[in-house]
Amino acid sequence: MIGDGESLPDAAVDGLGPDHLLALYRDLVLLRTYDERSVVYHRQGRIGTYAIFWNHEAMQAGAVFALEDRDWIFPAYRESAIGLLRGMPVSTVLSWWRGHPAGWWNPYDYNVASICVPIATQVPHAVGFAWGSALKGEDRVALAFFGDGATSEGAFHEGATFAGVMKAPVVLFCNNNQWAISTPLSAQTAASNLADKAIGYGIPGVRVDGGDVLAVYEATRDAVARARAGAGPTFIEAVTYRAAPHATADDPSIYVDPERVDEERENECVGRFERYLLRQGVLTEDQAQEVKQDALELMRAGITGAEAEPPADVGLVFEHAYGEPPPSLADDLAELRRVLDA
Ligand SMILES: Cc1ncc(C[n+]2csc(CCOP(=O)(O)OP(=O)(O)O)c2C)c(N)n1
Ligand SMILES: [Mg+2]
């Protein structure tokens, strides 16, 4: 949908007016600002290891824009800040990356499930939720985000199988960034593309440019409409390229082609949409600066809020895992309190 300002023409999406486009732009800038600031906060030792999502913003914002607020989102670590698009405070997400209990929200407050770090486990969660919701006669769609690597996991297979058979109102949204840490897509699967995998589950598979927020929105909107109409799940493969390290603990220079990354960074998704809006006369340079400034201020307030949380009691690490904790845990906790003087 987004052209290049030269030989490739711009197109419009039916039903999206200037206000929608500006709202989408604000979402993209908010996510981008969150991501860039988080890398800085990590380097300053203010948050822990962080999964960078630079250049994934179009997939995240475009997909969520196609949902109603009553629809549920099931994120992985790559979509840690997705709650911001549902009004979750920045401090909550930053607290999550600080390992602070203030970072765990009640999913029912935002219709955003907890972040899943074990790969693909959120897929059966979303499918089960969607199916249960349909059985209760609720008009809700669930959307699960996951990566290319996740499509090799048993949990993905189980979830997709179940979704197809039960015609669950779910969207299986795969961000194909072509890497699973250091494993390239070519070593992940012999399939020529991931959308083809959908055929085996009896569900439609759609392939879309993950760097084009409008294309992502349109593909997701169609999938959501199908799900709402009772026609069942859709698998969306959004194709992009990971243009940053997997996470702050990763050094991709030993496995990635830097020229390919540079190319991708040139054409990154937020700038691409910004240039589109400028060409369309929907956005001015001044407005763009204002939106960026607002997002930056939100982030500053967010980190201040997260750092103002009183330290959590270390005993929390040991709670909620066992109904009857084994006695050795009490010894471990005592040792931890002694070492930390907490
Ligand atoms: C079940 C499981 N196995 C292994 C890991 C370690 N791990 C963390 S991220 C990752 C790569 C996942 O790649 P992909 O699904 O493409 O998602 P991306 O990180 O690219 O968004 C792996 C293997 C894990 N978190 N969970
Ligand atoms: Mg990946």
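Residues numbered from 1 in each chain as written. Chains lettered and ligands numbered in written order. Predicted model: local features only at pLDDT ≥ 70, side-chain atom pairs only at ≥ 80, totals over all residues. Heavy atoms only, no water.

*Asks:* What exactly am I supposed to notice about the site of ligand 1 here?
*Replies:* Taken together, 16 residues are adjacent to ligand 1, and Tyr 77, Arg 78, Asp 148, Gly 149 and Trp 179 come closest. Tyr 77 places a polar side-chain atom, nitrogen or oxygen, 2.6 Å from an oxygen atom of ligand 1. The contact in question runs from an oxygen atom of ligand 1 to an N or O atom on the side chain of Arg 78, over 2.7 Å. Relative to its free-state accessible area of 580 Å², ligand 1 is covered by the protein chains to the extent of 71%. (Near = heavy atom within 4 Å. Polar contact = N/O pair within 3.5 Å; in protein donor to acceptor, adjacent residues only side chain to side chain. Areas by Shrake-Rupley, 256 points an atom, 1.4 Å probe, with all protein chains shown as cover.)

*Asks:* Would you explain the environment of Asp 222 in this entry?
*Replies:* By the element assignment, Asp 222 lies in helix α8 (residues 213–228). The class of Asp 222 is partly exposed, set by a relative accessible area of 45%. Asp 222 sits 18 residues away from Thr 240 along the chain, and the two C-alpha atoms are 20 Å apart. (Helix = DSSP H or I, 4+ residues; strand = E, 2+ residues; numbered from the N terminus. Buried < 20%, exposed > 50% of the residue type's maximum accessible area, 1.4 Å probe, protein only.)

*Asks:* Even after reading the chapter, I still don't get the side chain of Gln 188, so can you show me in this structure?
*Replies:* Here Gln 188 shows up in helix α7 (residues 185–188). If sequence neighbours within four positions are ignored, Gln 188 has contacts with Asp 148, Gly 149, Ser 152, Ala 180 and Thr 183. (Contact = heavy atoms within 4.5 Å.)

*Asks:* Honestly, the packing of helix α5 (residues 122–135) against helix α6 (residues 154–166) in this entry has me stumped. Any pointers?
*Replies:* Two quantities define a packed helix pair, namely the angle between the axes and the distance from one axis to the other. Running from amino to carboxyl end, α5 crosses α6 at an angle of 20°, the nearest separation of the two axes being 8 Å. Looking at the two axes, α5 sits roughly parallel to α6. Crossing geometry of α5 relative to α6 is assigned as left-handed. Along its contact with α5, which presents Val 123, Pro 124, Val 127 and Trp 131, the element α6 presents Ala 155, Phe 156, Gly 159, Ala 160, Phe 162, Ala 163 and Met 166. Considered class by class, the residues forming the contact of α5 with α6 number 10 nonpolar, one polar and no charged. (Axes fitted to C-alpha atoms, helices over the stretch in contact; angles between N-to-C directions. Parallel < 35°, antiparallel > 145°, perpendicular 65-115°, else oblique. Left-handed = near helix turned anticlockwise from the far one by under 90°. Nonpolar A, V, L, I, M, F, W, Y, C, P; charged D, E, K, R; others polar.)

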